[in-house]
Amino acid sequence: MGIESYGRTVSGRLQGPFPWVRLLTPEIVTATPPTVSGTKAPGQTVTAVSGTYTPAGWQTVSWVWTLKDLAGAVYTTGSGANFTIPAGAPDSILTLTQPIVFGGRTHSATSIGYSVTAATAAPIFAGLPVVTGGTTPGSILTATPASASGTPAPTVTGQWYHNGSAIAGLTGVNYTASTAGTYTYRNFAANGVSPNATSGFSNSIVVAEALSSPPALNFVGTGTGEARSYAQTNWDANNVNGQGNASYWGSPLACCAYASFAGNTATDAYTIAGIKGGRDAYGGPALRGGYSAQHDTGYLWAVVWAKLTPRVWAEFDSSWRASLDRFMRWALVAAVGTAREADSAFKGDMLGNTTNASTRGGNPNISSAPSANIAACMAYIGVSTAAAYLQSVVVATEEVAMRSSPWTNIAKSFSLPRVSNAPTHAQIQAACRRGTRFGVPLTDQLGMWEAEVIHAFSKTVSEGYGNGAGIPSSLYAAYPSGSWATGRGRVVPANLAAIRANPEFIAIKGLAGAVREMDSTDAGGIRMSASYSEWTHRMMCFYTLGVLTSGTVDRKSARALALRTRIKAGCTHMRLIGQYGWLSVAHIVQGGLPASPEASGQWQAGGDTGGWDTASRSTQFGLKFQHDLGRVIEGVYDMI
């Protein structure tokens, strides 16, 4: 019989025991395997392209997509003529399998493997880490890391910092702050894609040893006269510098703020009124640098102590706090940017005034003022946060913001015409980027303070100029009142025996610690006076008390303790000056005292800054606040 087989007719006799015919389908042969068109990359859609097969007439059953990682593990599969490679796919191999059927037979062919390279993106951070925790030694600080993104997902690590320096080995999110200081945290992210990312610093947590009972300023009271002295900063509204006059430099305000910090609630209202009135009534400090930098110190530290006193700080609402936040950042830029050093391109302050600029050649109360002001701002802002701000600040942009703020005096300082010798915005910004003061990094608050203490309290304690002999008349030539100033700089003869017998004087005589400007001279004649010494001492007392109580300097560290004797000698020396009547020509000329103030007792009741009061006028603002600040510093050192 004839049989049609695969398109051919054959005939013949069938051999076998069965009377039927069995039709056999030939095997399907792959001529070309399937291929894939389109971009083989994460997030892209590719399309199947059929292979070719023999014999003709086959049909595609389905499409099978397989994506395996480089280790051979299946990452994902798919079906259909189109396939979207997942956006997060790793480095992988994509294959396409095409099952077909013909005449009852099935067959499949698989494409070559197509390489898929994972999409990559360098890590970036969104926002900053946040640190929470207590403020006393032993507190547990907890960091919430900043959120990082990237492809592949980055690994985020952390690092704790103490006073701006990384704490070796401390990378977890929890840290027990065992010592005083400023603590911050930052994150790092890496995913193999360059560059790695570093977050900004977190907020600062200032840890200070328990200060629930810091030594009080005994002379701070609540009488009407004292309220006028302590609460007012005596800003001169008509002075472009916005500086204080003889109630000076916010010193009374700073005393009030410290007294409140130490627990004297009677001074809270004066502190609040002084800070708020300084801005609202008079436009705030000018921060013009140079000689006048000393005039800003008291206000800046008053703001710090107010912030460290919860009941006082509660009286400043969110708007006021935001305003102070901005001002203290601007004050930091001003303090850093106008601080002259030997290599500074500019020679003066914001007004171009070169008198007693803040180089090491100036009086310590002037040369140390920028450091004290920088320290106050960094204590308020946080050392690491402040340092990061200085590296990114754009002075011209900040000046625009100043002009629309209520801080009108600092705005004037930054927007004054750039006169000769005044620093330009570019020079101010360059100083901020340099981030040092006399070669010491601004983040090393201990190092900065240490250098200023050694510089300011640097002379040997003696019995007065020339070991009590007094200043020779030849050094008075520059002063028109020289004829009646001869002999100043000596201890009053009647008091000389008493001071030599005083146990406190015996203990410090010959030690380093006398204020550098005490009984010294320059080419113009007598440079030093009790006034200059007082001002230097005031500056260094506020500076020292500020860093020791704000936690930016650990007062129990070996380096801080090494300065204790020097500071104590200097503070005791200043008190003895008041008690026994060291006075020199500048004090007499400036204060207009009579010819023999030592003999007449005027050192107890008069003088150009309120008198050298030790006992008889305990409520009068004068040298007594210098004595008490020294006593308070010693008390802070003694606190456990």
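Each chain has its residues counted from 1, running along the sequence as written. Since the coordinates come from a predicted model, pLDDT governs what is reported: local features require at least 70, and pairs of side-chain atoms require 80 or more to be given and counted, while whole-chain, interface and lining totals use all residues. Side-chain metrics in this entry use all non-hydrogen atoms of the structure; hydrogen atoms and water are not considered.

**A look at the sheet that holds strand E4 (residues 35–37)**
Here comes step 1: Two strands are counted as paired when DSSP detects at least two bridges linking them. Numbering goes from the N terminus for both helices and strands, where a helix is a DSSP run of H or I of at least four residues and a strand is a run of E of at least two. Reading across the sheet, the three strands line up as E4-E5-E10 and stay open at both edges, with antiparallel pairing between neighbours. Since the sheet does not close on itself, it has two edges, and those belong to E4 and strand E10 (82–84), each with one partner. Averaged over all pairs of adjacent strands, the angle between their axes in this sheet comes to 35°, without regard to strand direction. Axes here mean lines fitted to C-alpha atoms, for a helix over just the part in contact, with angles spanning 0 to 180 degrees between N-to-C directions.

**Remarks on the packing of aromatic side chains**
Here comes step 1: Any pair of Phe, Tyr and Trp rings, taking the six-membered ring for Trp, is counted once the centres come within 6.5 Å. Such a pair is stacked with planes under 30 degrees apart, edge-to-face with planes over 60 apart, and tilted for the rest. The tally for this structure, following the rule as stated, stands at 17 aromatic pairs.
Here comes step 2: Grouping aromatic residues by their ring pairs yields a cluster made of Tyr299, Trp313, Phe316, Trp320, Phe327, Tyr380 and Trp407.
Here comes step 3: Placement of a charge over a ring requires the Lys NZ or Arg CZ to be within 6 Å of the ring centre, with the centre-to-atom vector within 35 degrees of the ring normal. Above the face of the tryptophan 320 ring, arginine 279 is positioned so that its terminal group lies 3.7 Å from the ring centre.
Here comes step 4: Residue placement shows arginine 329 over the ring face of tyrosine 389; its charged tip is 4.9 Å from the ring centre.

**Notes on the pattern of salt bridges**
It is possible for side chains of opposite charge to pair when their charged atoms get near one another.
Here comes step 1: Basic side-chain nitrogens of Lys or Arg form a salt bridge, by our definition, when they fall within 4 Å of a carboxyl oxygen of Asp or Glu. Using the criterion set out here, one finds eight salt bridges in the structure.
Here comes step 2: Note that arginine 311 and aspartate 268 form a salt bridge whose closest N and O atoms lie 2.6 Å from each other. Placement of arginine 311 in helix H5 (residues 310–313) and of aspartate 268 in helix H3 (residues 268–280) is noted, with a sequence separation of 43 residues between them.
Here comes step 3: The buried label applies to any residue whose accessible area, calculated with a 1.4 Å probe on protein chains only, is under 20% of its type's maximum; exposed applies above 50%, and partly exposed to all values in between. With a relative accessible area of 11%, aspartate 268 lands in the buried category.
Here comes step 4: The closest approach of N and O atoms between arginine 288 and aspartate 349, which form a salt bridge, is 3.0 Å.

**Quick word on the nonpolar core**
Inside soluble globular proteins, nonpolar side chains tend to come together where they are buried.
Here comes step 1: Among buried residues, those of type Ala, Val, Leu, Ile, Met, Phe, Trp, Tyr and Cys that are joined through side-chain atoms within 4.5 Å constitute a nonpolar core. Core analysis: the largest hydrophobic core is formed by 85 residues, its most contacted members being Leu332 and Trp449.
Here comes step 2: Contacts are assigned to residue pairs that have any heavy atoms within 4.5 Å of one another. Beyond its immediate sequence surroundings of up to four residues, tryptophan 449 is in contact with Tyr543, Thr544, Val547, Leu548, Val553, Ala560, Leu563, Ile567 and Tyr637.
Here comes step 3: The next biggest cluster of nonpolar side chains, apart from the first, holds 13 residues, and it includes Trp63, Trp65, Ile85 and Val116.

**Examining helix H4 (residues 297–307)**
Here comes step 1: Buried residues dominate H4, accounting for 10 of its 11 residues.
Here comes step 2: When we look at burial in H4, the residues that qualify are Thr297, Gly298, Tyr299, Leu300, Trp301, Ala302, Val303, Val304, Trp305 and Ala306.

**Some points on helix H10 (residues 395–403)**
Since one α-helical turn is 3.6 residues long, residues separated by three or four positions face the same way.
Here comes step 1: What H10 keeps buried is the set Val395, Glu398, Glu399 and Met402. The arc that holds every buried residue of H10, seen down its axis, measures 105°, which confines them to one face.
Here comes step 2: Buried residues belonging to H10 abut helix H6 (318–337), helix H9 (383–392), helix H11 (408–415) and helix H12 (425–434). Throughout, the arc means that of the directions going from the helix axis to the C-beta atoms.

**Remarks on the sheet that holds strand E20 (residues 174–177)**
Here comes step 1: Taking strand neighbours across the sheet as the criterion, the three strands line up as E15-E16-E20 in an open arrangement whose pairing is antiparallel. Of all the strands in the sheet, just strand E15 (130–132) and E20 have a single pairing partner and so form its edges. Going across the sheet, the axis of each strand differs from the next one's by a mean of 25°, ignoring polarity.
Here comes step 2: Bridging between E15 and strand E16 (residues 139–144) involves three bridges; their strand directions are antiparallel. Bridge pairing in E16 links threonine 132 to threonine 142.

**Regarding the pairing of strand E8 (residues 64–69)**
Here comes step 1: With five bridges connecting them, E8 and strand E9 (residues 74–79) associate as antiparallel partners. Within E9, the position partnered with leucine 67 by the bridge is threonine 76.
Here comes step 2: Hairpin remark: E8 followed by E9, antiparallel, with four residues in the connecting loop; positive phi at glycine 72, about 95°.
Here comes step 3: The pairing of E8 with strand E11 (residues 92–102) spans six bridges and is antiparallel. Looking across to E11, one finds that lysine 68 is bridged to isoleucine 93.

**Side note on the environment of isoleucine 140**
Here comes step 1: Mapped onto the secondary structure, isoleucine 140 falls in strand E16.
Here comes step 2: The exposed category is assigned to isoleucine 140, whose relative accessible area is 54%.
Here comes step 3: Residues isoleucine 140 and tyrosine 175 lie 35 residues apart in sequence; the distance between their C-alpha atoms is 5.6 Å.
Here comes step 4: Aside from chain neighbours lying at most four places away, what touches isoleucine 140 is Thr132, Gly133, Gly134, Tyr175 and Thr176.

**Quick word on unusual backbone geometry**
Here comes step 1: Cis peptide bonds are those with omega within 30 degrees of zero, and the linkage from threonine 151 to proline 152 qualifies with -5°.
Here comes step 2: Despite not being glycine, asparagine 163 has its phi angle at roughly 55°, a positive value.
Here comes step 3: Among the structural elements, asparagine 163 can be located in the loop between strand E18 (155–162) and strand E19 (165–166).
Here comes step 4: Despite not being glycine, leucine 287 shows a phi value in the positive range, around 50°.
Here comes step 5: Turning to its location among the elements, leucine 287 is positioned in the loop between H3 and H4.
Here comes step 6: On the accessibility criterion, leucine 287 (3% relative accessible area) is buried.

**What about the side chain of asparagine 187?**
Here comes step 1: As for its placement among the helices and strands, asparagine 187 is situated in strand E21 (residues 181–190).
Here comes step 2: For asparagine 187, a relative accessible area of 0% puts it in the buried group.
Here comes step 3: Here a polar contact means two N or O atoms within 3.5 Å. Within protein one must be a hydrogen donor candidate and the other an acceptor candidate, and residues neighboring in sequence count only if both atoms are side-chain atoms. Looking at asparagine 187, its side chain comes within polar contact range of the main-chain oxygen of threonine 157, at 3.1 Å.
Here comes step 4: If sequence neighbours within four positions are ignored, asparagine 187 has contacts with Phe125, Pro129, Pro145, Ala146, Val156, Thr157, Gly158, Ala197, Thr198 and Ser199.

**Overview of the side chain of aspartate 268**
Here comes step 1: Separated by 2.7 Å, the side chains of aspartate 268 and serine 260 make a polar contact.
Here comes step 2: Excluding residues that lie within four positions of it along the chain, aspartate 268 makes contacts with Ser260, Arg311 and Val312.

**Points about the environment of glycine 78**
Here comes step 1: Relative to the elements of secondary structure, glycine 78 occurs in strand E9.
Here comes step 2: Here the alpha-carbon distance between glycine 78 and valine 64, two residues 14 residues apart in the chain, equals 6.0 Å.
Here comes step 3: Excluding residues within four positions of it along the chain, glycine 78 makes contact with Trp63, Val64, Trp65 and Phe83.

**Section: the confidence of the model for the protein**
Segments scoring low in pLDDT should not have their predicted coordinates read at a detailed level.
Here comes step 1: When pLDDT is averaged along the protein, the result is 77; 72% of the residues meet or exceed 70.
Here comes step 2: Confidence scores per residue from the predictor, reported as pLDDT, run from 0 to 100. Confidence scores differ between elements of the protein, with helix H1 (residues 224–231) showing the lowest mean pLDDT of 33 and E10 the highest of 96.
Here comes step 3: This stretch, residues 477–489, has a pLDDT under 50; its non-local contacts, to residues over four places away or in other chains, come to 36 contacts.
Here comes step 4: Low pLDDT (under 50) marks residues 583–623, which in the prediction has 114 contacts with non-local residues, meaning those over four places away or in another chain.

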